[in-house]
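These are the residues of each chain, in order.
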Amino acid sequence: MADKVTPERIAAIAAAARVSIPETSPPRITNATAAVILRMAEENIQLAMEVEPATFFVVAREGAKK
Amino acid sequence: MSNPALLSLSDMAARIRARKLSSVEATKALLARIETWQPKLNAFVCVDAEEALQAAQAADDDLARSGPKGPLHGVPMAHKDMYYFKGKPAGCGSKIRDGWIAPETSTVISRLQDAGAIRLGALHMAEFAYGPTGHNAHLGPARNPWDVARITGGSSSGSGAAVAARLTPAALGSDTGGSIRLPAHFCGVTGLKTSYGRVSRANAMPLSFTLDTVGPLAQTAEDCALIAETIFGADPLDPVTAGMPGWDREAAQRPVRGLKVGIPKSFYVDDLTPDVAAAFDKAIKTFEKLGAQIVSVELPDQTLVSAAALLVLAVEAASYHAPWLRTRAEDYTPQVRNRLENGLAYSAIEYLETLRWRGPALAAHVAAIGDVDLVLAPASREVAPRIDETDFGGGGNAEQMVVAVTRFMRPVNFLGLPVLVVPAGHSAAGLPIGLQLIGRPYGDETVIAFGRAFQQATDAHLRVPELMRDAA
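Residues numbered from 1 in each chain as written. Chains lettered and ligands numbered in written order. Predicted model: local features only at pLDDT ≥ 70, side-chain atom pairs only at ≥ 80, totals over all residues. Heavy atoms only, no water.

### Examining the overall build of chain A
A tally of regular secondary structure across chain A gives 3 helices and 0 strands. Compactness check: chain A gives a C-alpha radius of gyration of 17 Å against a globular reference of 11 Å for 66 residues, more than 25% above the reference. With respect to the principal axes defined by its C-alpha atoms, chain A has extents near 50 × 25 × 20 Å. Split into buried and exposed, the 66 residues of chain A put 30% on the buried side. With the model as given, the accessible surface of chain A reaches about 4100 Å², and the carbon-plus-sulfur share is 57%. Charge-centre separation for chain A: the mean point of 8 positive side chains lies 8 Å from the mean point of 8 negative side chains. (Helix = DSSP H or I, 4+ residues; strand = E, 2+ residues; numbered from the N terminus. Rg over C-alpha atoms; globule rule 2.2 N^0.38 Å. Buried < 20%, exposed > 50% of the residue type's maximum accessible area, 1.4 Å probe, protein only. Areas by Shrake-Rupley, 256 points an atom, 1.4 Å probe, with all protein chains shown as cover. Lys, Arg positive; Asp, Glu negative; His and termini not counted. Charge placed at Lys NZ, Arg CZ, Asp CG, Glu CD.)

### Let's talk about the interface of chain B and chain A
Each side of the interface is counted separately: chain B has 44 residues, and chain A has 40 residues. Buried surface at the junction of chain B and chain A, both sides included, amounts to about 3600 Å², of which 65% is carbon and sulfur. Contact with chain A buries surface across chain B, with B:Arg326, B:Leu344 and B:Arg356 losing the most and accounting together for 20% of the total. Connecting chain B to chain A are 3 salt bridges. The partner of A:Arg9 in a salt bridge is B:Glu350, with the nearest N and O atoms 2.7 Å apart. Along the contact surface separating chain B from chain A lie 14 residue pairs in polar contact (both at pLDDT 80 or more). Of all the secondary-structure elements, those providing two or more residues to the side of chain B that touches chain A are α9 (302-327), α10 (334-342), α11 (348-356), α12 (358-369) and α15 (410-415) of chain B. (Contact = heavy atoms within 4.5 Å. Buried area = accessible area lost by both parts, 1.4 Å probe. Salt bridge = Lys/Arg side-chain N within 4 Å of Asp/Glu carboxyl O. Polar contact = N/O pair within 3.5 Å; in protein donor to acceptor, adjacent residues only side chain to side chain.)

### A word on the sheet that holds strand β9 (residues 374-378) of chain B
Residue and element names in this part refer to chain B. Here we have 8 strands laid out as an open sheet, ordered β4-β6-β5-β10-β11-β9-β7-β8, and mixed in their pairing. For this open sheet the edge positions go to β4 (170-174) and β8 (293-297), each flanked by a neighbour on one side alone. Each strand of the sheet is rotated relative to its neighbour by a mean of 30°, with strand direction disregarded. Lying over the sheet, helix α7 (residues 221-231) contacts β4, β5 (190-193), β6 (214-218) and β10 (419-426), oriented at roughly 35° with respect to β5. (Pairing = 2+ DSSP bridges. Axes fitted to C-alpha atoms, helices over the stretch in contact; angles between N-to-C directions.)

### Looking at helix α2 (residues 23-41) of chain B
Residues and elements named next belong to chain B. Of all bends in α2, the biggest is about 35°, found at Glu35, and the proline Pro39 comes one to four residues later. Within the sequence span of α2, burial applies to Ser23, Val24, Ala26, Thr27, Ala29, Leu30, Leu31, Arg33, Ile34, Trp37, Gln38 and Leu41. Phi for Asn42, located one or two positions after α2, is positive at around 55°. (Bend = angle between axes of the 7 residues up to and from the residue.)

### Quick word on the sheet that holds strand β2 (residues 76-80) of chain B
The strands making up a sheet associate through backbone hydrogen bonding, with each pair oriented either parallel or antiparallel. Residue and element names in this part refer to chain B. Taken together, the 3 strands give an open sheet; going across it, the order is β1-β3-β2, and neighbouring strands pair in mixed fashion. Sheet topology places β1 (44-47) and β2 at the edges, where each strand pairs with a single neighbour. Pairs of neighbouring strands in the sheet enclose a mean axial angle of 35°, with direction left out of account. Running over the sheet, α2 touches β1, β2 and β3 (118-123) and is turned about 15° from β3.

### Points about the confidence of the model for chain A
When pLDDT is averaged along chain A, the result is 94; 100% of the residues meet or exceed 70. Across chain A, the element-wise mean pLDDT spans from 94 in helix α2 (residues 25-43) of chain A up to 97 in helix α3 (residues 55-63) of chain A. (pLDDT = per-residue confidence, 0-100.)

### Overview of the packing of aromatic side chains
Under the criterion given, the structure shown has 14 aromatic pairs over all chains. A centroid spacing of 5.4 Å and a plane angle of 55° characterise the contact between B:Tyr268 and B:Phe408, whose relative ring orientation is tilted. Residue B:Tyr268 is found in the loop between β7 (260-264) and α8 (274-289), and its partner B:Phe408 is found in the loop between α14 (398-405) and α15; the two are separated by 140 residues along the sequence. Accessibility classification places B:Tyr268 together with B:Phe408 in one group, the buried group. Aromatic rings pair up to connect A:Phe56, A:Phe57 and B:Tyr196 into one cluster. (Phe/Tyr/Trp six-rings, centres within 6.5 Å; stacked < 30°, edge-to-face > 60°.)

### Here we look at α10(B)
With 8 of its 9 residues buried, α10(B) lies for the most part within the structure. The complete set of buried residues in α10(B) reads B:Gln335, B:Val336, B:Arg337, B:Asn338, B:Arg339, B:Leu340, B:Glu341 and B:Asn342. Next to the buried residues of α10(B) lie α2 of chain A together with α9, α14 and α15 of chain B.

### A closer look at the environment of B:Cys187
Residues and elements named next belong to chain B. Secondary-structure assignment places Cys187 in helix α6 (residues 181-187). By relative accessible area, Cys187 is classed as buried at 0%. For the pair Cys187 and Pro274, spaced 87 residues apart in the sequence, the C-alpha separation amounts to 19 Å. Look past the residues within four positions of Cys187 in its chain and what remains in contact with it is Asn144, Pro145, Trp146, Thr152, Gly160, Ala161, Ala164 and Pro432.

### A word on the pattern of salt bridges
Per the stated rule, a full pass over the model turns up 22 salt bridges over all chains. Among the ionic pairs, B:Asp147 bridges to B:Arg150, the shortest N-O distance being 2.9 Å. The class for B:Asp147 is partly exposed, based on a relative accessible area of 24%. A relative accessible area of 19% means that B:Arg150 is categorised as buried. Of the charged contacts, one joins B:Arg386 and B:Asp388 as a salt bridge, the two residues approaching to 3.3 Å between their closest N and O atoms. Exposure remark for B:Arg386: the relative accessible area of 31% places this residue in the partly exposed category. In this structure B:Asp388 comes out as exposed when scored by relative accessible area, which is 53%. Each of the salt bridges in this network shares a partner with another, and the network as a whole consists of A:Arg39, A:Glu42, A:Glu43 and B:Asp301.

### A word on the pairing of β8(B)
Residues and elements named next belong to chain B. As judged from the 5 bridges shared by β7 and β8, these two strands associate in the parallel manner. Each bridged residue has a counterpart across the sheet, and for Val261 the counterpart in β8 is Ile294. Read from β7 through α8 to β8, the crossover connection turns out right-handed. (Right-handed = clockwise from strand over helix to strand, strands pointing away.)

Structure follows, in C-alpha cells:
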C-alpha cells in the first residue's frame, strides 16, 4: 500500500470516476487521509493468495464458538 | 404510572396487550410530550399525529376483536429517517433526498409492523448518516436532552434524543462507525449495534455495504431484545443475511455467572476522563459481583483496525454517492461533501486489499480474546461535548474531530461484532456515560444477557434527564 497519497493521484482518481472536484480538494483530501494511508502502509499487511473478502464470514462463524 | 410516555417499551407493550393501557392513550401521551419537547430538541423531522392516532384506534379495535397481532401490538414508535415506509418521504437528513418518496418499505419496518407497531413519525439524523455528532446544516442540530447545548452524537441523533426524552419508547438507528453507540452513550440510553449480517438492511439507506448494521435504541437491554426478536433473521432481499439464524430468546436470558469478561489492557482504557474511568471501574466491579470472571485481554492494534474501517467506509460511501457527486455536489453540506470526496484518495487495489484483510483481522481478534465471552470498554473518552465545540462545518479540523469522537467505535464495525451500549453512570455535571459490551462474532444474545444482568444490578438506565422531569 502506498505510504503517501499525492494531490495528483487524487485528481487522477477523481477524473477516472468522472467526479469533478474543486481545485482545493486534492490537497485537502491528501491531508485528511494521510493518517489512514500511513497507518495502513506501516503495517504492510501480507495476505495469503486464497484470502478473499467473504473469508470474513467463515472466520466469523468459526469465531462464534468458544 | 402517571404518564404512559415514560414506560419502557417492554412495559408499554405488555400493558397494551393486557388492555391495561390503550394504544390511543399511549399515542396521545407521546404526542403531547413531543409537542412540548420537539422545539427544544429537534429530534423529529416529521410527526404523523393524525395518522398515528388513527392507527392506534385501529389497533385498539383489533385487539378487542381478535387479540394481539404480535408482541408490539399498538406500540407507537418513530425511527431514523433512513428506514423507508412505502409512500412516505424519507429525506435521510439531506437536501438531495428532501421530499423523496420511498417506493418500498424497509424489511425491518415491515417486521415491526407485522409485530403490531405503529408509526409516530420520523427522526432526525446526520446528512446521509455520515456524521458522528448530530450536526446537520439542513435540519439544524439535534439537541441532547441532558443539556441542550451539547451534542446527541450521531448519526442516529434523533433516535438517541427521542428515546432519552421519552418521546418514543424505542427507535431504530444504524451503525456504520458508531452511529447507534455514540447517541446511546451521549444521551444515556441503551443501544444495540447488531452483528454484521444478522439484521436485514434491505430498503434502508446505505452508507457502506461492508459496515452498515441496523439496530435499536431503547431504555433497557430488555427493550432492545424485544426489538431484536422481531427484526433478526435471514431476508431474501439482503444477501448478507443468507443462512443467518433468528433471535435465540433463551440465550439472551442466560445467567452471566461464570462467563468471562475481558478488560482491554490498552487503547480503550487510554486517556479516559476521570468520570468515564470511574464509571468503567465501577462496572467491572459490578460484573465481578454478578459472578463473571474478569480477565485482561491484549487486543490486536486497534488503530490499524480503525484505519481499515475508515478506508473501506470512505471508498464505499464515495461509490454510493458518485452519481450525485457528479450532478448535485453543491447540494451536500461542505462537511459531508468533503468526507465523500475523501474516498477518492484510495486505489481499487488498496480498497480490496483492506477488504480481504477483514477475515484475518477478525481471526486475530478472536485469537486474542480466547474464550472470553464479552469485552468491556468505554464508548468514548468523554461525555457529550458542546455543539459549538464540535461544529466545524467543512473546515480543516472536521476530519480530526470525527476521528477523535469515533475513536472507540470503528474497530467493531470492521470486525462485524455485536455491541450493547449500556448507561453506566453520570459525570459530575450530570451527563450520561455509556459502556460498550462487545460480544464474540454473532454473540448478540450474549451481550443482551450481560446487559440485562447489569441493568438489574444498576440504575443509571432509569434516570430521566433533568430537563424532562417537570413534564413527567
